[in-house]
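# Architecture and fold: a report
The primary structure of each chain is shown beneath.
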Number of protein chains: 2
Amino acid sequence: MSEAVVKDNQKPVLHALKLACSNCSLAELCLPFGLPDADLSQLDLLIDQRRSVRRGEHLYQAGTHFESLYAIRRGFFKTHALTEDGREQVTGFHMTGEIMGVDAISTDIHACHATALEDSEVCEIPFTRLENLIREIPALQRQFHRIMSREIVRDQSVMMLLGNMRAEERVAAFLLNLSQRNAARGYSASGFHLRMTREEIGSFMGLKLETVSRTFSKLQDEGYITVDKKRVDIIDMERLKALLSHCSPRNVL
Amino acid sequence: MSEAVVKDNQKPVLHALKLACSNCSLAELCLPFGLPDADLSQLDLLIDQRRSVRRGEHLYQAGTHFESLYAIRRGFFKTHALTEDGREQVTGFHMTGEIMGVDAISTDIHACHATALEDSEVCEIPFTRLENLIREIPALQRQFHRIMSREIVRDQSVMMLLGNMRAEERVAAFLLNLSQRNAARGYSASGFHLRMTREEIGSFMGLKLETVSRTFSKLQDEGYITVDKKRVDIIDMERLKALLSHCSPRNVL
DNA sequence: CGATTACTTGAAACATATCAAGATTCGTGG
DNA sequence: CCACGAATCTTGATATGTTTCAAGTAATCG
């Protein structure tokens, strides 16, 4: 396995690692879901580059030309946009198996920045070649459409959250969402390490960082969770879910 | 042209009208954008049914099985979801040329309701057949992906709006968005008729109806717009846009 | 034309933001 | 490995914007 590491403060490091969707443990969360082995090997041919992005570095920047989607192999990302006066708004947090970059398809320009919140690795998916392959593999086409659609549903859930919920409910929804996504990846549903700052959480949820901090403290005082800086443990999952029972038409986030 | 009108209070009326994307004036806002004539006639074969939905009726309901996307031929829709305790959240307003239903692709179940806010007509696009056709026409594939991606970008803009803006800014963004979309369809950018109630606007923007009403009055008092119940005229477009200058990374909504 | 729905406006209540200060943690270079 | 400076987090007091409650008016539908 040859490895060419190019160290640079801004640009992500590029590896010439051999990838294989066909034996990737994340397949069922990702593009290969539902594909028979024969088709998987075609995906293997397409996705031949892995890219390493270190904590704090960006994977792509808003305004740059769009060429590839990225599947997260390992790590954790935020996507965010900057307003004219320099404030940032976080538009999403992204875990292993998720696809980033679909927002750029509409204009061929990335609509947001993607920044690693921990040392990460992504699989690069050249989009033009993906479109070609999609035309030949109906199951891949269907899965790709599902992934795009899922993103739309997810964003609309966030809209409902921002439009309807109070701070306590927002933070509860946020934690439950992380919990579910952890569980789907085989990790603990009840305890995890937050990769983002209070400010980033607040930006995503439409709250100020002080409010996020206060709300964590309140949820802890009331016995829902324990918080120790970045470590969160859900003590009473049922009651935490009950906080949202009246505002979720289906699963929130 | 044979026409079979079935009157019913709940179900949309079904017409057996002949449709033709190939001579539709909305083509450039819709699925046919960028297709050569030869391919257009294939789309014509696919989209053979038009459906008439009267004001107040739904086009589809949340929870029902997904079979078709719908392109708005004429009219105006809202999409909305109900929370468990019966409140509704509006997730979007939709004008001619726009495609509705993509949120259902992820699960094969509609994630929201679609209700006509005026007498409307939609073109029904059977999704399985669309996927087949997309595999044969690369330009159609590209356009479909763009439409899905555009929806994601739009939803993320709403997230930024709900997360960052105060009431006055939200309402300004809302009016400017309607203005732009009107202009793109050849209508006036400065004056239009609101199809939705104050409550629906508020639901979409994360505000109470009283706040929407007050904000309209305030924008009128300050000379940005005039409001006469459902009629809105933008008096000073530049100043209205300036209200948003500090919170938009690019076009809002 | 009467009843229902939609809209406007005011006053008070409430939730979150803002400002501020101190404590803790993290990253970096010595 | 330690120490220092920067970044992050917590908590309190006050300010602000939006919601809630309430009442009255206007418009729409049958």
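For the structure itself, look to the data block above.
Now for a look at the structure at hand.

Cut-off values and rules
- Residues numbered from 1 in each chain as written.
- Chains lettered and ligands numbered in written order.
- Predicted model: local features only at pLDDT ≥ 70, side-chain atom pairs only at ≥ 80, totals over all residues.
- Heavy atoms only, no water.
- Pairing = 2+ DSSP bridges.
- Helix = DSSP H or I, 4+ residues; strand = E, 2+ residues; numbered from the N terminus.
- Axes fitted to C-alpha atoms, helices over the stretch in contact; angles between N-to-C directions.
- Contact = heavy atoms within 4.5 Å.
- Near = heavy atom within 4 Å.
- Polar contact = N/O pair within 3.5 Å; in protein donor to acceptor, adjacent residues only side chain to side chain.
- Least-squares fit on C-alpha atoms with pLDDT ≥ 70 in both.
- Buried < 20%, exposed > 50% of the residue type's maximum accessible area, 1.4 Å probe, protein only.
- Salt bridge = Lys/Arg side-chain N within 4 Å of Asp/Glu carboxyl O.
- Buried area = accessible area lost by both parts, 1.4 Å probe.
- Nonpolar A, V, L, I, M, F, W, Y, C, P; charged D, E, K, R; others polar.
- Disulfide = S-S within 2.5 Å.

The next thing to look at is the sheet that holds strand S8 (residues 191-193) of chain B. Residues and elements named next belong to chain B. The sheet built from three strands is open, its strands ordered S8-S10-S9 with antiparallel pairing. The sheet terminates laterally at S8 and strand S9 (225-228), the two strands that pair on one side only. Between one strand axis and the next, the sheet turns through 15° on average, direction left out of account. Packing of helix H4 (residues 167-184) onto the sheet brings it into contact with S8, S9 and strand S10 (231-234), and relative to S8 it is tilted by some 95°.

So, about the protein's contact with DNA strand D. Every one of the 18 residues lining DNA strand D counts as a neighbour, but Ser213(A), Ser217(A), Ala167(B), Thr211(B) and Arg214(B) are closest to it. Near-protein atoms of DNA strand D (within 4 Å) split between backbone and bases, with sugar and phosphate holding 65%. Take Lys230(A): an N or O atom from its side chain is 3.2 Å from a phosphate oxygen of DNA strand D. With respect to DNA strand D, the side chain of Arg214(B) contributes an N or O atom lying 2.8 Å from a base oxygen. Of all the secondary structure elements, the ones that give two or more residues to the surface near DNA strand D are helix H6 (209-221) of chain A together with helix H6 (209-221) of chain B.

Below, the discussion takes up the relation of the copies chain A and chain B. Under the fitted operation, chain A is carried onto chain B by 0.0 Å of movement along the axis and a turn of 180°, and the coordinates agree to an RMSD of 0.0 Å. Classification of the inter-copy transformation places it as that of a two-fold axis. When C-alpha positions in chain A are compared against the rotation axis, the closest is assigned to Arg135(A), at 2.2 Å. Interface residue correspondence from chain A to chain B reaches 100%, placing this contact among same-surface, isologous pairings.

What follows is about the side chain of His110(A). The residue His110(A) is located in the loop between strand S6 (99-100) and strand S7 (113-126) in this model. Those residues in contact with His110(A) that lie beyond four places of it in its chain are Tyr60(A), Gln61(A), Ala62(A), Gly63(A), Thr64(A), His65(A), Phe66(A), Ser68(A), Asp103(A) and Ala104(A).

Here we take up helix H5 (residues 198-205) of chain A. All names here are of chain A. The buried fraction of H5 is high, at six of eight residues. Glu200, Ile201, Gly202, Ser203, Phe204 and Met205 are the residues of H5 that are buried. Directly after H5, the chain includes Gly206, whose backbone phi takes a positive value near 70°.

Taken as a whole and assessed by the stated rule, the structure comprises 34 salt bridges over all chains. Note that Arg195(A) is salt-bridged to Glu118(A), the shortest N-O span being 2.6 Å. Of this pair, Arg195(A) sits in the loop between strand S8 (191-193) and H5 while Glu118(A) sits in strand S7, placing them 77 residues apart in sequence. A salt bridge links Arg50(B) to Glu121(B), with the shortest nitrogen-to-oxygen separation between them at 3.0 Å. Within this pair, whereas Arg50(B) is found in strand S2 (residues 49-53), its partner Glu121(B) is found in strand S7 (residues 113-126), the two being separated by 71 residues in sequence. Residue Arg50(B) shares its accessibility class with Glu121(B), and that shared class is buried.

Now for the pairing of strand S10 (residues 231-234) of chain A. Residue and element names in this part refer to chain A. Where burial is concerned, the two faces of S10 differ: the one with Val232 and Ile234 is buried and the one with Arg231 and Asp233 is not. Here S8 pairs with S10 via three bridges, running antiparallel. Residue pairing in the sheet places Phe192 in a bridge with Val232 of S10. When strand S9 (residues 225-228) meets S10, the two strands line up antiparallel, connected through four bridges. Across the sheet, residue Asp228 finds its bridge partner in S10, namely Arg231. Between the end of S9 and the start of S10, which pair antiparallel, lie two residues, with Lys229 showing a positive phi angle near 45°.

The next subject is the interface of chain A and chain B. The interface of chain A with chain B comprises 48 residues on the first partner and 48 residues on the second. Carbon and sulfur atoms supply 54% of the area that chain A and chain B bury against each other, a total of about 4,600 Å² over both sides. Our count for the chain A to chain B interface comes out at six salt bridges. The shortest N-O distance in the salt bridge between Asp108(A) and Arg146(B) comes to 3.8 Å. Our enumeration of links across chain A and chain B arrives at 25 residue pairs in polar contact (both at pLDDT 80 or more). When contributions to the side of chain A that touches chain B are tallied by element, the ones reaching two or more residues are strand S4 (68-82), strand S5 (88-94), helix H2 (127-136) and helix H3 (138-164) of chain A.

This paragraph deals with unusual backbone geometry. All names here are of chain B. Positive phi outside glycine occurs at Asp108, with the angle close to 65°. Mapped onto the fold, Asp108 is located in the loop between strand S6 (99-100) and S7. With a phi angle near 45°, Lys229 is a residue other than glycine that sits in the positive phi range. In this fold, Lys229 is placed in the loop between S9 and S10.

Turning our eyes to something else, we now look at the protein's contact with DNA strand C. In the vicinity of DNA strand C, 18 residues are found, and the nearest of them are Ala167(A), Thr211(A), Arg214(A), Ser213(B) and Ser217(B). Between DNA strand C and the protein, one listed contact pairs a phosphate oxygen with a side-chain N or O atom of Ser217(B) at 2.5 Å. Those elements giving two or more residues to the surface near DNA strand C turn out to be H6 of chain A together with H6 of chain B. Looking at which element gives the most residues to the surface near DNA strand C, the answer is H6(B), with five residues. Its residues assigned to classes, the surface near DNA strand C comprises three nonpolar, five polar and 10 charged.

Before going further, it helps to examine the state of the cysteines. This structure, assessed with the given rule, holds zero disulfides over all chains. Cysteine Cys21(A) shares no disulfide, and the gap to the nearest cysteine sulfur, in Cys123(A), comes to 6.3 Å.

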